[in-house]
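# Structural description and commentary
Listed below are the residues making up each chain.
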Amino acid sequence: MIHQCLNIPEVLRLVFRGITTRKDMLSAALTCHAFLEPGLDEIWSCINPFRPLISCLPGDTWEIREEMMPESSVRLEVVHLRTNGRVLTPDDLKRYLEFYSRRIRSVYSPAVFDVPVTVLSMEFLRVLELATHLRPGAFSPLLTQFVWKPYSSNLLIKTFPSFSLFFGPGTEILHIDICSSEPTQVAALRYILNLLPLLKDLWVDAMPLQLEGADPFISEYGYLTSFPWNDLETLRMPDLNKNIIPHLSTLPRLTNLTLFINEPRIPLLYTSLSLDGHEVLSMARPGFESLQTLHIISAVEDATGFLQRLHPGNQIRYLSFSLTFPSNEIDNDTKITNYRNQAQLLIQTFRAHLNPRWLRELEVYDSSESGEFDEPLELGSRMLDISPLFKFKELRELALSLSDGVGLTVAQVSLVPASWPKIEVLELENVFAGRQPRIDHVHLLEICTKCRFLSRLTLAIDASRVGEGDRDSGIAVCRRDDLVPALETLYLGHSPIESPSLVTSFLVAHFPKLKGIYSDRSRSRPPTKYEERWQAVSGALSDQ
């Protein structure tokens, strides 16, 4: 019976997919005739392309010369035509093309530990192209995925011209780095993309060392606007300017979009915090009908400018921003004022351009360099106003980490469970240690008991009031309704604390599922008394 099952191709494929090493796959494939074909299919399904190709060619047509990659210790094996050897012919490729090429489904770049790295010399590449009659995808006609993310721009330059040999018309996933100041790579990428009518997933990243100076690839975007991309679902691209947004908005199946914007390119459409809905609609353009996930890494103005071009009827579910804020002002108070204005405009733009029916996750992180802003002498009473976000009643996750601090007022405490009844993760970071939280432990308990799904919370509170008779009188007797149903992780940032024992008793009494409690502390100096108190609370909870 077992022998009959092993004659079923689907069963054999599952068997070989459970084998973890290529060496074991080869041993299994050679066990019997029935195992050979499915074994070879699995061995060749995902390859680092050049070494397997060369191993199938006659040895009298090629030779390897070792080279050291410039400015690194990586050793290369560069394949050249053999000196005094014979010319490579189409017959020499017959074994590879007939028995192996159609098994390949995925090609990937060498990892750092793949040493030495095999690459093709330019003259050997030219001979291979002529031997295949310049046919694109000749070496893997059924390829579906190509991922080429080398760890060196020099390695990328050496391997990039070889790519067209591997792309078949059915390729759906292309993740690739590009040294965009290299004209040959720009031209090659545009040529390759024209060969891929069914592309669904495109990631293009610029190598870090190539982002300075003039950049034809980033500025022209001919590779994006030259064809309709009817099947494209995921797009990740370096830099963006306002002129490409209308084209992106027309892509019918674009679901996931990740943008890296390194220089100011998308100006704001408005700066007013009090525009009405008709004014917003008059500036936004219909489009991005299928977009559900948006990630932007940029300056805050570019991210805000992009959002202001979104029609409020969009279906974005997941929005993540990693932002930098300009700091050209010499005066620290001016920096903070401008920071607040830009952050508040972004929050207001969320309210005006995101659809409350669909939005589920919203994350905004300040990626400016640490120490960019000094805590001012006069903090004042003003914090960022997050009340525009109470509109999004379907939120499951909200994370706001901004240098000027985000928190809640007493009046907003009751609005949190009413506005976000399904919230699971809530992170409101108060960065400045000197800012006194507006709420205390009683407000914390109110939020956590009424938000029935909240499992992770970041929120600064005034824990120094734990144990005060007038504040604790309403919760002195622990009732079933007082127990927090879901909270497992609590991050309290710069929360004042006076009595670790009272705080521990409060948490033990009301937070039965709490697994971890954390606060801000510096690792570059001995802990302060404030930090020692929170460490004592954390240690006491761990011992429970």
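Just so it is clear, the model here is predicted, and its values are computed rather than measured. Sequence positions are assigned chain by chain, starting from 1 and proceeding in written order. Residues qualify for local features only when their pLDDT is at least 70, as the model is predicted, and side-chain atom pairs are given and counted only at 80 or more; totals for whole chains, interfaces and linings, by contrast, use all residues. Note that water and hydrogens are dropped before the side-chain values are worked out from all heavy atoms of the structure.

## Brief notes about the packing of aromatic side chains
Note on aromatic pairs: the rings of Phe, Tyr and Trp (six-membered ring only in Trp) are paired at centre separations within 6.5 Å, and the planes decide the class, stacked below 30 degrees, edge-to-face beyond 60, tilted for the rest. One pass over the structure, following the stated rule, counts 12 aromatic pairs. Seen from their ring centres, Phe146 and Trp148 are 5.8 Å apart, and the 25 degrees between their planes marks the pair as stacked. Throughout this description, buried means an accessible area under 20% of the type-specific maximum (1.4 Å probe, protein chains only), exposed means over 50%, and partly exposed covers the range between. Here Phe146 falls in the buried class, since its relative accessible area comes to 1%. Aromatic rings pair up to connect Trp44, Phe50, Tyr96, Tyr100, Phe139, Phe146, Trp148, Phe166 and Phe167 into one cluster.

## Side note on the packing of helix H20 (residues 500-510) against helix H21 (residues 529-542)
For every element, the axis is a line fit to its C-alpha atoms; helices are fit only across the contacting stretch, and the angle between N-to-C directions ranges from 0 to 180 degrees. Numbering of helices and strands runs from the N terminus, with a helix taken as a DSSP run of H or I at least four residues long and a strand as a DSSP run of E at least two residues long. At a minimum axis distance of 9 Å, the contact between H20 and H21 shows a crossing angle of 40 degrees. Compared by their axis directions, H20 and H21 come out oblique. In this structure, H20 crosses over H21, and the sense of that crossing is right-handed. Across from Pro500, Val503, Thr504, Leu507 and Val508 in H20, the residues of H21 making contact are Arg533, Trp534, Ala536, Val537, Ala540 and Leu541. When the residues that make up the contact of H20 with H21 are grouped by side-chain class, the tally is 9 nonpolar, 1 polar and 1 charged. If an angle is under 35 degrees, it is roughly parallel; if it is over 145, roughly antiparallel; if it lies from 65 to 115, roughly perpendicular; otherwise it is oblique. Throughout, a crossing is termed right-handed when the near helix is turned clockwise from the far one, and left-handed when it is turned anticlockwise from it by less than a right angle. Residue contacts are counted whenever heavy atoms from the two residues lie within 4.5 Å of one another. Three classes are used, and their members are as follows: Ala, Val, Leu, Ile, Met, Phe, Trp, Tyr, Cys and Pro are nonpolar, Asp, Glu, Lys and Arg are charged, and the others, Gly among them, are polar.

## Some thoughts on the side chain of Thr349
In this structure, Thr349 sits in helix H15 (residues 332-353). Given the relative accessible area of 0%, Thr349 is considered buried. In this structure, Thr349 is in contact with Tyr270, Thr304, Leu307, Gln308 and Leu354, ignoring residues within four places of it in sequence.

## Quick look at the pairing of strand E13 (residues 361-366)
Here strand E12 (residues 318-324) pairs with E13 via 6 bridges, running parallel. Bridge pairing in E13 links Tyr318 to Glu361. As paired elements, E13 and strand E14 (residues 397-401) share 5 bridges and run parallel to each other. What sits directly across from Glu363, in E14, is Ala399. Should DSSP find at least two bridges between two strands, the strands are taken to pair.

## Some points on the side chain of Thr504
Here Thr504 lies in helix H20. Of the residues examined, Thr504 reaches a relative accessible area of 9% and is grouped as buried.

## Here's the deal with the pairing of E14
The two faces of a sheet get side chains in turn, since along a regular strand they alternate between them. Most of E14 sits inside the fold, with 5 of its 5 residues counted as buried. Every second residue of E14 is oriented toward a common face, with Glu397, Ala399 and Ser401 on one face and Leu398 and Leu400 on the other, all of them buried. Across 4 bridges, the pairing between E14 and strand E15 (residues 425-428) is parallel. Considered in E15, the bridge of Ala399 is made with Glu427.

## Brief notes about the pattern of salt bridges
Here, a salt bridge means any Lys or Arg side-chain nitrogen found within 4 Å of an Asp or Glu carboxyl oxygen. This structure, assessed with the given rule, holds 14 salt bridges. Across the pair Arg396 and Glu394 runs a salt bridge, and its minimum N-O distance is 3.3 Å. You can call Arg396 partly exposed: its relative accessible area is 24%. As a salt-bridge pair, Lys450 and Glu446 come within 3.5 Å of each other at their nearest N and O atoms. With Lys450 and Glu446 both in helix H18 (residues 441-450) and 4 residues apart, the pair spans about one turn of that helix. Here Lys450 falls in the partly exposed class, since its relative accessible area comes to 47%. Among the ionic contacts, a cluster of salt bridges with common partners joins Asp60, Arg86 and Asp92.

## Remarks on the sheet that holds strand E5 (residues 117-120)
The strands making up a sheet associate through hydrogen bonds between their backbones, and the pairing can be parallel or antiparallel. Across the sheet, 3 strands lie side by side as E2-E3-E5; this open sheet has mixed pairing. Each end of this open sheet is capped by a strand with a single partner; those strands are strand E2 (62-68) and E5. Averaged over all pairs of adjacent strands, the angle between their axes in this sheet comes to 30 degrees, without regard to strand direction. With 4 bridges connecting them, strand E3 (residues 75-81) and E5 associate as parallel partners. Following the sheet pairing, Val79 is matched in E5 by Leu120.

## Topic: helix H14 (residues 300-307)
Burial of H14 is extensive: 7 of the 8 residues sit out of reach of the surface. Along H14, the positions that sit buried rather than exposed are Val300, Asp302, Ala303, Thr304, Gly305, Phe306 and Leu307.

## Some points on the confidence of the model for the protein
Mean pLDDT for the protein: 80, with 75% of residues reaching 70 or above. When pLDDT is averaged over each helix and strand of the protein, the minimum, 45, is found for helix H10 (residues 216-220) and the maximum, 95, for helix H17 (residues 415-419). On a scale of 0 to 100, pLDDT captures the predictor's confidence in every residue. A low-confidence stretch, residues 208-219 stays under pLDDT 50, and its non-local contacts, those more than four residues away or across chains, total 24 contacts.

## Quick notes on unusual backbone geometry
You will see that His133, though not glycine, has its phi angle at about 60 degrees, which is positive. Within the secondary structure, His133 sits in the loop between helix H7 (122-131) and strand E6 (145-148). Residue His133 is classed as exposed on the basis of its relative accessible area of 64%. Residue Phe288 is not a glycine yet carries a positive backbone phi of 50 degrees. As for its placement among the helices and strands, Phe288 is situated in the loop between helix H13 (277-283) and strand E11 (293-299).

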